[in-house]
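Fold and contact review
The residues making up each chain are set out below.
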Amino acid sequence: MCGIVAYSGSGDALPVILDGLKYLEYRGYDSAGVAILNDGRIETVRAVGKISALEQKLKKQTLKGRLGIGHTRWATHGHPSLENSHPHGTADGRIVAVHNGIIENFNVLKNQLLSEGIAFQSETDTEVLVALIGKYYAGDLEQAVRAALNEVTGTYALAVIARDRPDELVVAKKASPLCIGLGRGEVFAASDALAFIKHTNKAVYLKDGEIATLGPQGLVVKNLQGKKVSYKITELSLDPASIEKGEYPHYMLKEIYEQPRAVQDTLDGRISPQNDGALFAELEKHQEYLIGVNKIVIAACGTSWHAGLVAKYLLEKHARIPVEVDYAAEFRYRYPVLDEKTLVMTISQSGETADTIAAIGEAQALGARVLSIVNMPASTIARDSDMVVYTYAGREIGVASTKAFTTQLAVICLLTVYLGRLRSSMSEEYAAGMLQNLKRVPNEIAKIFGEVEHIKKIAGAFARHSNVLYLGRGVGFPIALEGALKLKEISYIHAEGYPAAEMKHGPIALIDENMPTVVLAFKGRRYEKILGNIMEVKARKGRLIAIASESNDDIDRVADEVIRIPDATESISAVLAVIPLQLLAYYIAVEKGCSVDQPRNLAKSVTVE
Ligand code: AGP
């Protein structure tokens, strides 16, 4: 999942492209590069590492010009190196392009082009695509790009310029995000509107298989058969100020602190005035179908998959619907048993995760309907699903997902009440109780921030470890998994989550004074059992951090460190318990000097398989 930015207009292209790339660094940061057309020549500067390395290089070689493209890379084909960084050009320098996606038949195409005498400098699929465009280019850039794309199988968000077309930018999209920005006398294209929102809020989202030419004649969109197609201009509501870190040192910390607001925004308008029902106008016309559903299969990745596991506990316990939870990449290849009474639910912050997108296609091909919980409007998953329920977390830029997760859990709690009431498997009183508890979550989360200094101190003591075990029972188990993922992805400490009861079946062999354990020990019907697991850890000299409810005062005599969350029901405690785990992971990563917002090898949205 790379980030691409392109600009054509009356202004200087370089500063706009560089600034835009910085907002896309969350998509990948192995290498970066820009290409600017000036006076009949395309000049390209590339650098391995983050945008800052490219900026250093550009201090010695400023590029002037009004048309340009830029790229920040997450390596798929070819390791992070200068030769493999984008932009890529034809051997004669006439055509230059940037690309996000995977050209699956690039080897076949490359061998064909090699046999025609074309040489390559890199290992990338993108260079092959550019060479193919160059092969078809005879002065009409859009036609050459279209001819090349008709030979390609795979995915792309592509921006192409030609040195003899000084005012023309050609872009194309298939299964990788791309949006066009229409400014005053200037146009933009980018993987994410973040890159140009400071300049315009007028956006056009291309559909898969569309190709657009941005030039003096304005914007022309065609399909791959060359037929003009219509397009819609969307006014984006994205507030440019919301994408700044402000006084926070990292986006991740800012987004942890935004969770009370994000959860409140997600709940607003979805609880009936009498507090006895959840409201989803967007599901109104699907109610009859939802009543008849006899199974839910959840497909998601990473943190969103953990939210799916929480959903299983809640939906089965409170709405009495059988639920299976799958990694999206596994779901799509395991021949799942689905039919028209199966509801496939996908969960995704970005709405662009390739495996989750593919799972939707697989589900619909097997006759199931798809309900997706998504944070990013106008995303591919939002467009491809039969039903969409949005979280309102706002833009999440830190690679480690935080506010997206808690808002996903808020939606899952609401959907549990909604389906429980719709299918008469939940009493009005029980629904009212759940909703009352849910309404308190924003304030309860805010209370936990009072533990920050204590968590910082614990983080300092635990940062030196190389392995950590996270344990939980019931709905605490997915939270243990989420806590482990937060730690490993930003601090590079190996961490794994486990059902606490499973300790005796293996993990207990790991416990000694060098293997700390984090235990979810909040109020619930499994609390006594958890205490037993804690004693097992202590009996083997394991150091232990407990995430416990306010009133669990017996835990102090057994745990080395206790981080408190407000008393709540088990379901709500799961939402609250993740906050200290996010903060613990954050402060350990900071203690270790890690790149919190852009951890190595990761990217915010995995738009490749
Ligand atoms: C979580 O912190 C990670 N960034 C990652 O696991 C993420 O949750 C996963 O890639 C799924 O992304 P999505 O929610 O945008 O589909």
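Residues numbered from 1 in each chain as written. Predicted model: local features only at pLDDT ≥ 70, side-chain atom pairs only at ≥ 80, totals over all residues. Heavy atoms only, no water.

Right, let's get into the sheet that holds strand S12 (residues 210-215). Pairing is antiparallel across the open sheet formed by six strands, whose spatial order is S5-S6-S7-S8-S12-S13. Unpaired on one side and paired on the other, strand S5 (88-89) and strand S13 (218-223) mark the two borders of the sheet. Inspection of the sheet shows S12 paired to S13 by six bridges, in the antiparallel sense. Bridging across to S13, alanine 212 finds its partner in valine 221. Strands in contact with helix H4 (residues 125-136) are S5, strand S6 (95-100) and strand S7 (156-162); relative to S6, the strand with the most contacts, it is inclined by about 140°. Contacts between helix H5 (residues 141-149) and the sheet are confined to S6, S7, strand S8 (169-174), S12 and S13, with S7 contributing the most and set at about 145° to the helix. (Pairing = 2+ DSSP bridges. Helix = DSSP H or I, 4+ residues; strand = E, 2+ residues; numbered from the N terminus. Contact = heavy atoms within 4.5 Å. Axes fitted to C-alpha atoms, helices over the stretch in contact; angles between N-to-C directions.)

With that settled, consider the pattern of salt bridges. As enumerated under the stated definition, the model contains 29 salt bridges in all. Close ionic contact of glutamate 142 with arginine 146 constitutes a salt bridge, the shortest N to O distance being 2.8 Å. You can see glutamate 142 and its partner arginine 146 sitting in helix H5, four residues apart, about one turn around the helix. Taking relative accessible area as the criterion, arginine 146 reaches 15% and is therefore assigned buried. For arginine 334, the salt bridge identified is with aspartate 326, shortest N-O distance 2.3 Å. For arginine 334, a relative accessible area of 34% gives the class partly exposed. Aspartate 326 gets classed as buried once you look at its relative accessible area, which sits at 11%. If you follow the salt bridges from partner to partner, you end up with Lys295, Glu324, Asp326 and Arg334 in one network. (Salt bridge = Lys/Arg side-chain N within 4 Å of Asp/Glu carboxyl O. Buried < 20%, exposed > 50% of the residue type's maximum accessible area, 1.4 Å probe, protein only.)

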